[in-house]
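# Coordinate analysis (summary)
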Amino acid sequence: MSDRAWWQDGVIYQIYPRSFMDSDGDGVGDLEGIRQRLDYLAWLGVDAVWLSPCFPSPMADFGYDVADYCDIDPLFGTLADFDALVADAHARNLRVILDWVPNHTSNEHTWFVESRSDRASAKRDWYVWRDAAADGGPPNNWQSTFGGPAWTWDEATGQYYLHSFLAEQPDLDWSNPEVRSAMHDVLRFWLDRGVDGFRIDVVHKIGKDPELRDNPVLRGPDGENLGQEHLHEEGHPSAHEYLREVRDVFDSYPERMTVGEVFLLEPERIARYYGRGDELHLAFNFPFLFAPWSARAFGEKVEAFEDALPPEAWPDVVLSNHDVSRHASRYDDAALGDQRERLAALMLLTLRGTPFLYYGEEIGMRDVPVAAEQMLDPVGLNLHPSLGRDPERSPMQWAPGLNAGFTQGKPWLPVAADADTRNVAIEREDPASTLTLYRELLALRRSTPALHRGAYRRLPSHTDILAYERSVEGSRALVALNMGEEARRPALPSARVARGLRTRHGVEMPTDAAHLELAACEGAVLVLD
Ligand code: NOJ
C-alpha cells in the first residue's frame, strides 16, 4: 500500500469549459467537446482535469456566479453529459475535479431571490444584510475586488447586501449553520456522482469578522490613501472551523481532494489553510505564480512555501490560470521567449509538488489581445481594460484552419492570430515542439519516483541558475535551469546520467552531470543511475 495519494503524484490540467472545445457550433465550449478530447489528455499524460464552473449561471462572471450548484448549465450540456464525461474520463484513468464557489452565489440563485424577497424570509440570514450607516451609506468601508463598495442597496427591503465581487455575486453568510449544511449537501451531490475533488474558489473569504468592522486604510508618507488592509473581510479564524467541517465531508469518501484558491501572497498565511492535515489538501502557491523571471525569485518562492508548510503538507506548482496573463506571455521576450516557455515547463514539472497546467500552455499559447469593444470580462469593463481576463481565456488551438478547430460557429472570444502554426495537430507531429516537450516531461515525471515524490534540495550554482536535486529511495534526479541570457555551466555534482531531457531539442545529454552546459534560457533534468 502506498502512503501517497493520486493527487500528490499526479498532474492536474485546468480546463476553462467555455474555451476548450465546442461540439455544437454555438461558439462556446461544452462538456461533450471536453469528452471528445479526453483521448488527447490521456495521450498528453495528465492525471486529472479541473473544470472551471459549468453550473447554471447568468454568466455575469462567466460561471463564478452560480445559480444552481446541482446542475449543468444548458450552454455546457446536461447532467447526463456530465456523467458520460466522468465515466469516459475514469475509463482513461483521468480524474475529474469541479470548481466549488462557496463564498457567493449568483443573485439569480433561488436562495438569494428568496432572501431578498422579504426581511422576514427564512433565507434572509443566508446572506449578509445590514442597515445603512447613519449617513445612509454602506454599513462599512469594505470594497469589492471588482471595484466600488462591497455593498449594494436593495430598495425593496431597505437594506444593503454584501458582495465581495460583483453585485450579481452576493456573499453567503457562512456563520449560518444552515448555509454550511446546504453547501455540504452540494459537495455530496457531486462526490456521490464520482467527482474526484474540488477546486475551491476564494476560500479564505468564507471567514469574515462577525462585527463587520471597517478595514484599516493604508496611508502613504504624505497621508495619501493606498487602499485597505484586507483585515476583516477575509481570513477570519472561523474560515478554518468551516473548512474542517468541509474536510469531514471529503474524508467520508475515499481518495477525494481539495485545492483551495487562497488568494494571498504571504506563504505563512496560505499555509494556515492546510490546517493540521484537516483542512485543504492543497492551497495554491500564488506567490510562485507572481514571481518575476529570475532564478533567485523562483527559488525563493519555492523555498518560502516549503518552509511555511506544515511537515506533512504537500506543495503545488502553478504558473497560469484563467485569472492571470498566461505565463508564456508574462515571461515573453523578443529573443528568448520560446526558450523561456520551455524552461518554465521543465521547472513546473520537476519541482516538488502537484503541478497545475492551464489548457493550451502545453502548446505555448499566449494571451490573445481583445479590443475594448469586444471585451467581455467584468474586471476589464469595471476596473481597467488592461486588467481584463479575456486574453488568457481564448479558444484552445486544436488545428490549422477555421477557428483553430475549436468551433464551427463564431467563437465567443477571438482565436489567436498564430493558431495556424501553434496548434495541437501540428505540434503533435513535431519532435521539437513545446507540446512534445510537455508530453516527454510528463512521461519522465511519471516514470521517475524522484520527480513525482522525491524531496527537494537546492544545489549551489550561478545566480542565473536554479539548480536542485530531487531524491527518494532508489531514485535521484538533478535539475538545472539557466534563466539568464548567457550560456553557463551549472557545475552540478559528478554523477552518471541514465536519461533525461533538455529544453534545447536534439542536444545530447552529458554522461556525467558535472559536464552539463546550458545555453541561454536552457534547462535540463538529469535522471541519475
Ligand atoms: C476567483 C475566480 O478564479 C475568478 O475567476 C472569479 O472571478 C472570482 N474568484 C470570483 O468568484
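Everything numeric here is computed off the predicted structure, so don't read it as measured data. (Residues numbered from 1 in each chain as written. Predicted model: local features only at pLDDT ≥ 70, side-chain atom pairs only at ≥ 80, totals over all residues. Heavy atoms only, no water.)

### Thoughts on the site of the ligand
As a structural note, the neighbourhood of the ligand is formed by 14 residues, with Asp61, His104, Asp201, His322 and Asp323 the closest of them. One nitrogen or oxygen atom from the side chain of aspartate 61 is found 2.5 Å from an oxygen atom belonging to the ligand. In this structure, an oxygen atom belonging to the ligand sits 2.4 Å away from a side-chain N or O atom of aspartate 323. Summarising the interface, the protein chains cover 97% of the accessible area of the ligand, which totals 290 Å² for the free molecule. In terms of residue class, the shell around the ligand is built from four nonpolar, three polar and seven charged. (Near = heavy atom within 4 Å. Polar contact = N/O pair within 3.5 Å; in protein donor to acceptor, adjacent residues only side chain to side chain. Areas by Shrake-Rupley, 256 points an atom, 1.4 Å probe, with all protein chains shown as cover. Nonpolar A, V, L, I, M, F, W, Y, C, P; charged D, E, K, R; others polar.)

### Points about the side chain of serine 320
Here serine 320 shows up in the loop between strand S12 (316-318) and helix H12 (327-330). Look at serine 320 and you get buried, because its relative accessible area is 2%. (Helix = DSSP H or I, 4+ residues; strand = E, 2+ residues; numbered from the N terminus. Buried < 20%, exposed > 50% of the residue type's maximum accessible area, 1.4 Å probe, protein only.)

### Remarks on the pairing of strand S3 (residues 95-100)
The buried count for S3 comes to five of six residues, which makes it a mostly enclosed element. Running through helix H5 (residues 79-91), the crossover from strand S2 (residues 48-51) to the neighbouring parallel element S3 is right-handed. Across four bridges, S3 lies against strand S7 (residues 197-200) in parallel orientation. Bridge assignment links isoleucine 97 to a residue of S7, and that residue is glycine 197. (Right-handed = clockwise from strand over helix to strand, strands pointing away. Pairing = 2+ DSSP bridges.)

### Focus on the domain arrangement of the chain
When the parts of a complex come together, some accessible area is lost, and that lost area is often taken as the interface size. Segmentation of the chain into domains returns domain 1 (6-103 + 177-441), domain 2 (110-162) and domain 3 (454-528). Each of domain 2 and domain 3 has a C-alpha centre, and these two points are 56 Å apart. (Domains from an automatic or database assignment.)

### Concerning the packing of aromatic side chains
When we look at a pair of aromatic rings, we describe it by the centre distance and by the angle of the planes. Going through the model one piece at a time under the given rule, you end up with 34 aromatic pairs. Taking the ring centre of tryptophan 129 as reference, the NZ or CZ of arginine 124 above it sits at 3.6 Å. (Phe/Tyr/Trp six-rings, centres within 6.5 Å; stacked < 30°, edge-to-face > 60°. Lys NZ or Arg CZ within 6 Å of the ring centre and 35° of its normal.)

### What to know about the environment of serine 115
Mapped onto the secondary structure, serine 115 falls in helix H6 (residues 110-117). Here serine 115 falls in the buried class, since its relative accessible area comes to 0%. Separated by 13 residues in the primary sequence, serine 115 and valine 128 place their C-alpha atoms 9.8 Å from one another. Those residues in contact with serine 115, other than ones at most four positions away along the chain, are Ser121, Lys123, Arg124, Tyr127 and Trp129. At 3.0 Å, the side chain of serine 115 forms a polar contact with the backbone oxygen of lysine 123. (Contact = heavy atoms within 4.5 Å.)

### A word on the packing of helix H13 (residues 337-348) against helix H16 (residues 434-447)
One can describe the packing of H13 onto H16 by two numbers: an axis separation of 10 Å at closest approach and a directional angle of 15°. Considering their axes alone, H13 and H16 lie roughly parallel with respect to each other. Along this stretch, H13 crosses H16, giving a crossing that reads as right-handed. Contact with H13, carried on its side by Glu341, Arg342, Ala345 and Leu346, involves Thr434, Leu437, Tyr438 and Leu441 of H16 and no other residues of that element. Here the contact of H13 with H16 is composed, by residue class, of five nonpolar, one polar and two charged. (Axes fitted to C-alpha atoms, helices over the stretch in contact; angles between N-to-C directions. Parallel < 35°, antiparallel > 145°, perpendicular 65-115°, else oblique. Left-handed = near helix turned anticlockwise from the far one by under 90°.)

### A look at H13
Taking 1.5 Å of rise per residue, the twelve residues of H13 would be expected to cover 16 Å, and the 16 Å separating its terminal C-alpha atoms lies within 8% of that figure. In terms of burial, H13 is largely enclosed, as ten of its twelve residues are buried. Turning to H13, its buried residues are Gly337, Arg340, Glu341, Arg342, Leu343, Ala344, Ala345, Leu346, Met347 and Leu348. (Expected span 1.5 Å × (residues − 1).)

### Some points on the sheet that holds strand S13 (residues 354-358)
If you walk across this open sheet you meet the eight strands as S11-S10-S7-S3-S2-S1-S13-S12, and the pairing is parallel. Because the sheet does not close on itself, it has two edges, and the strands there are strand S11 (282-283) and S12. In this fold H5 packs onto S2 and S3, with an angle of close to 140° to the strand it touches most, S3.

### Considerations on the packing of helix H7 (residues 177-192) against helix H8 (residues 238-251)
Where H7 contacts H8, the axes come no closer than 10 Å and their chain directions differ by 30°. Looking at the two axes, H7 sits roughly parallel to H8. Helix-helix and strand crossings are classified by hand; for H7 and H8 the assignment is right-handed. Residues Arg180, His184, Leu187, Arg188 and Leu191 of H7 lie in contact with H8, whose contacting residues are Tyr242, Glu245, Val246, Val249 and Phe250. Grouping the amino acids of the contact of H7 with H8 by side-chain chemistry returns six nonpolar, one polar and three charged.

### Digging into the pattern of salt bridges
Applying the stated criterion across every chain, the model contains 42 salt bridges. Here arginine 213 makes a salt bridge to aspartate 209, at a shortest N to O gap of 2.9 Å. Taking relative accessible area as the criterion, arginine 213 reaches 41% and is therefore assigned partly exposed. Where arginine 496 meets aspartate 529, a salt bridge forms, and the shortest distance between an N and an O atom there is 2.6 Å. Note that arginine 496 is positioned in the loop between strand S16 (475-482) and strand S17 (497-502) and aspartate 529 in the segment after strand S18 (523-528), a separation of 33 residues in sequence. Overall, the relative accessible area of 60% leaves arginine 496 in the exposed class. Salt bridges sharing common partners tie together Asp332, Asp338, Glu341, Arg366, Asp418 and Arg422. (Salt bridge = Lys/Arg side-chain N within 4 Å of Asp/Glu carboxyl O.)

### What to know about the state of the cysteines
With the rule as written, the count across this model stands at zero disulfides. No disulfide involves cysteine 54; its nearest neighbouring cysteine sulfur is the one of cysteine 70, lying 12 Å away. The exposure class assigned to cysteine 54 is buried, which follows from its relative accessible area of 1%. Relative accessible area serves as the criterion here: at 28%, cysteine 70 is assigned to the partly exposed category. (Disulfide = S-S within 2.5 Å.)

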